[in-house]
Amino acid sequence: MTSVTMVDGYVPVIDLSSRNRPQGRRALAAAIGGACETSGFFVIVGHGVPTDLVGRMHTVTDAFFRLPEDGKRPVAHRPGFSGFRTSGGTTARSLDQRTPPDLCESFAVHFTGELGDRERAALGEHDAPWKLANLWPEVPAGFKATWQEYMAVLEELSRDLLRLSALALGLDERFYDAKFDRHVSSLVANYYYPQVERPLPGQLRRGAHTDFGGLTVLHQQDDLGGLQVLQGQEWRDIRAIPGSFVVNIGDLMAMWTGGRWVSTMHRVVNPEQGDTSSRLSLPFFYQPDHDALVEPPGAAAVVAGDWMAAKLRKLFAVD
Ligand SMILES: O=C(O)CCC(=O)C(=O)O
Ligand SMILES: [Fe+2]
């Protein structure tokens, strides 16, 4: 058997470089299945995403967040549009908890955000983020082209990760293809700005939450820790291995497997007091078609868009 798991454990490191060989795919599916039954988290290397593209993504995105406030205002989130937010609210809100806002700015675009107004309006009856139009900053130059190049590469990688997931679950390898052929995925940048003031009690860079959708493929800035995943009662660091991505499944995917796979709580903790470094992370949220029917074994079917919209309403609820 081809060896694909480089580091075993709660969050294993899996080398995807054999993903184009049949024997390699079977071994990879087994490794992914094992991780998703245990923590729902794994780290990937050997994924084929060009290092240079990831570097350019970080450069343009970091430059955007470092603009003065009025430089970011033209793309500020407003009715009908996604874009820049000074705080994504409190992630913990999605769990019905009330804590101070996350110490984070964000910028988001959706795959569907490039469609025409009428096509977007037809994406279900919900007031949901995939119905918003994208806004793109003009500064720094090359921002939109770089993001679009990255989105296309991450889309291909995520599709393949779901094919390996289907194999792991004993399904036809293409089972999820038809459920994601008009996917409503988003690419988000989280900018955890320098902490010059002491956070309030209970205030984190990103509060504890589970991701709600299909699959998350996250790039975190090298060498800067902060991301933690819950194991039992203990928070475990997920260190940023250079050149790696962190992959985890969301609640919808866990439900889809009838609970065989798990969606696990994670958070981003504050740096030590006096450490004023910023941190950038780029989660790609791979989400099914808004009208995909999710039929968990032994449970009632749900429409993916209904389910995701309900969760998002909580996340962005205003007091
Ligand atoms: O910044 C990170 O490392 C994690 C962010 C996260 O969990 C999210 O955006 O859902
Ligand atoms: Fe998350």
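Conventions we followed
Residues numbered from 1 in each chain as written. Chains lettered and ligands numbered in written order. Predicted model: local features only at pLDDT ≥ 70, side-chain atom pairs only at ≥ 80, totals over all residues. Heavy atoms only, no water. UniProt positions renumbered as here; feature names shortened; annotations may be inferred. Helix = DSSP H or I, 4+ residues; strand = E, 2+ residues; numbered from the N terminus. Expected span 1.5 Å × (residues − 1). Buried < 20%, exposed > 50% of the residue type's maximum accessible area, 1.4 Å probe, protein only. Donors = N, O, S within 2.8 Å, 3.2 Å for Na, K, Ca; no water. Pairing = 2+ DSSP bridges. Near = heavy atom within 4 Å. Polar contact = N/O pair within 3.5 Å; in protein donor to acceptor, adjacent residues only side chain to side chain. Areas by Shrake-Rupley, 256 points an atom, 1.4 Å probe, with all protein chains shown as cover. Nonpolar A, V, L, I, M, F, W, Y, C, P; charged D, E, K, R; others polar. Axes fitted to C-alpha atoms, helices over the stretch in contact; angles between N-to-C directions. Parallel < 35°, antiparallel > 145°, perpendicular 65-115°, else oblique. Contact = heavy atoms within 4.5 Å. Phe/Tyr/Trp six-rings, centres within 6.5 Å; stacked < 30°, edge-to-face > 60°. Lys NZ or Arg CZ within 6 Å of the ring centre and 35° of its normal. Core = buried A, V, L, I, M, F, W, Y, C linked by side-chain atoms within 4.5 Å.

As recorded by an unreviewed UniProt entry, the chain carries the name 2-oxoglutarate and iron-dependent oxygenase domain-containing protein and is attributed to Nonomuraea longicatena. For the chain, the Pathway (unreviewed entry) comment in UniProt is given as "Antibiotic biosynthesis."

Undergrad: What exactly am I supposed to notice about helix H2 (residues 51–65) here?
TA: At 3.6 residues per turn, the α-helix brings residues three or four places apart onto the same side. End to end, H2 covers 21 Å across 15 residues, agreeing with the expected 21 Å (1.5 Å per residue, within 8%). Listed in full, the buried residues belonging to H2 are Leu53, Val54, Met57, His58, Val60, Thr61, Asp62, Phe64 and Phe65.

Undergrad: Would you mind showing me how to read helix H5 (residues 143–168) here?
TA: Taking 1.5 Å as the rise per residue, H5 with 26 residues should run 38 Å; its terminal C-alpha atoms sit 37 Å apart, in good agreement. Residue Gly170 follows H5 closely and has a positive phi angle near 75 degrees.

Undergrad: Could you clarify how one ought to interpret the UniProt feature "domain: Fe2OG dioxygenase" (unreviewed entry) in the chain in this entry?
TA: When the UniProt feature table is mapped onto this chain, "domain: Fe2OG dioxygenase" (unreviewed entry) is found at residues 183–288. Across residues 183–288 one finds 6% helix and 40% strand; the C-alpha atoms that close the span lie 5 Å apart.

Undergrad: Quick question: what am I supposed to make of the coordination of the iron ion (ligand 2) here?
TA: For a metal with four tetrahedral donors the ideal donor-metal-donor angle is 109.5 degrees, whereas six octahedral donors ideally subtend 90 or 180 degrees. Distances from the iron ion (ligand 2) to its protein donors, namely His209 (NE2), Asp211 (OD) and His266 (NE2), fall within the range 2.1 to 2.2 Å. Mapped onto the polypeptide sequence, the residues donating to the iron ion (ligand 2) form the spacing pattern H-x1-D-x54-H. Asp211 sits in the buried class, given a relative accessible area of 7%.

Undergrad: What exactly am I supposed to notice about the pairing of strand E8 (residues 215–220) here?
TA: Two faces make up the sheet, and in a regular strand the side chains alternate between them. Counting buried residues along E8, six of its six residues qualify, which places the element largely inside the surrounding structure. In E8, alternate side chains face the same way, and those of Leu215, Val217 and His219 on one face and Thr216, Leu218 and Gln220 on the other are all buried. Strand direction decides the pairing type here: E8 and strand E11 (residues 245–249), joined by four bridges, are antiparallel. By the bridge assignment for E11, Leu215 is matched with Ile249. Looking at chain direction, E8 and strand E13 (residues 279–286) are connected through six bridges and run antiparallel.

Undergrad: Help me understand the site of ligand 1 in this model?
TA: In the vicinity of ligand 1, 13 residues are found, and the nearest of them are Asn190, Tyr192, His266, Arg279 and Ser281. Between ligand 1 and the protein, one listed contact pairs an oxygen atom with a side-chain N or O atom of His209 at 3.1 Å. Side-chain polar atom of Asp211 to an oxygen atom of ligand 1: 3.2 Å apart, as the coordinates give it. Burial of ligand 1 by the protein chains amounts to 95% of its free accessible area of 300 Å². When contributions to the shell around ligand 1 are tallied by element, the ones reaching two or more residues are strand E6 (186–192), strand E7 (206–209), strand E12 (266–268) and E13. Tallying contributions element by element places E13 first for the shell around ligand 1, with four residues. Here the residues of the shell around ligand 1 are counted per class, giving six nonpolar, four polar and three charged.

Undergrad: I would appreciate a short explanation of unusual backbone geometry in the present structure.
TA: Leaving glycine out, the prevailing phi sign among residues is negative, and the prevailing peptide bond configuration is trans. Here the bond from Val139 into Pro140 is cis, since omega is 0 degrees, no more than 30 degrees from zero. Here Pro140 shows up in the loop between helix H4 (117–121) and H5.

Undergrad: Is there a simple way to think about the packing of helix H1 (residues 22–38) against H5 in this case?
TA: The description of two packed helices rests on the angle between their axes and on the distance between the axes. Here H1 crosses H5 at 80 degrees, and the two axes come no closer than 8 Å. The angle between H1 and H5 falls in the class roughly perpendicular. Residues Arg25, Leu28, Ala29, Ile32 and Gly33 of H1 pack against Asp160, Leu161, Arg163, Leu164, Ser165, Leu167 and Ala168 of H5. Along the lines of polarity and charge, the residues of the contact of H1 with H5 split into seven nonpolar, two polar and three charged.

Undergrad: How should I be thinking about the packing of aromatic side chains in this particular structure?
TA: Aromatic rings in a pair are described by how distant their centres are and how their planes are angled relative to each other. The final tally for this structure, using the stated rule, is 17 aromatic pairs. Residue placement shows Arg78 over the ring face of Phe81; its charged tip is 5.1 Å from the ring centre.

Undergrad: For this particular structure, what's the right way to read the sheet that holds strand E1 (residues 5–7)?
TA: Note on sheets: strands pair through backbone hydrogen bonds, and any given pair is parallel or antiparallel. Pairing is mixed across the open sheet formed by nine strands, whose spatial order is E1-E2-E3-E11-E8-E13-E6-E5-E4. Across the chains shown, the open sheet's two edge strands, defined by having one partner strand only, are E1 and strand E4 (83–85). On average, each strand axis in the sheet is tilted by 25 degrees relative to the strand beside it, whichever way the strands run. With six bridges joining them, strand E5 (residues 105–110) and E6 adopt antiparallel strand pairing. Bridging from a neighbouring strand, Glu105 pairs with Tyr191 of E6. Against the sheet, H5 engages strand E3 (41–45), E5, E6, E8, E11 and E13, with an angle of about 55 degrees to E13.

Undergrad: What am I meant to see in the nonpolar core here?
TA: Here is a general trend for soluble globular proteins: nonpolar side chains tend to be buried in one another's company. Residues Phe42, Phe107, Trp147, Tyr150, Leu161 and Val217 are the most contacted members of the largest nonpolar core, which totals 69 residues. If one sorts the elements of this core by residue count, H5 sits on top with eleven residues. When residues no more than four places from it in sequence are discounted, the contact partners of Val217 are Leu154, Leu157, Ser158, Leu161, Phe245, Val246, Val247, Leu282, Pro283 and Phe284.

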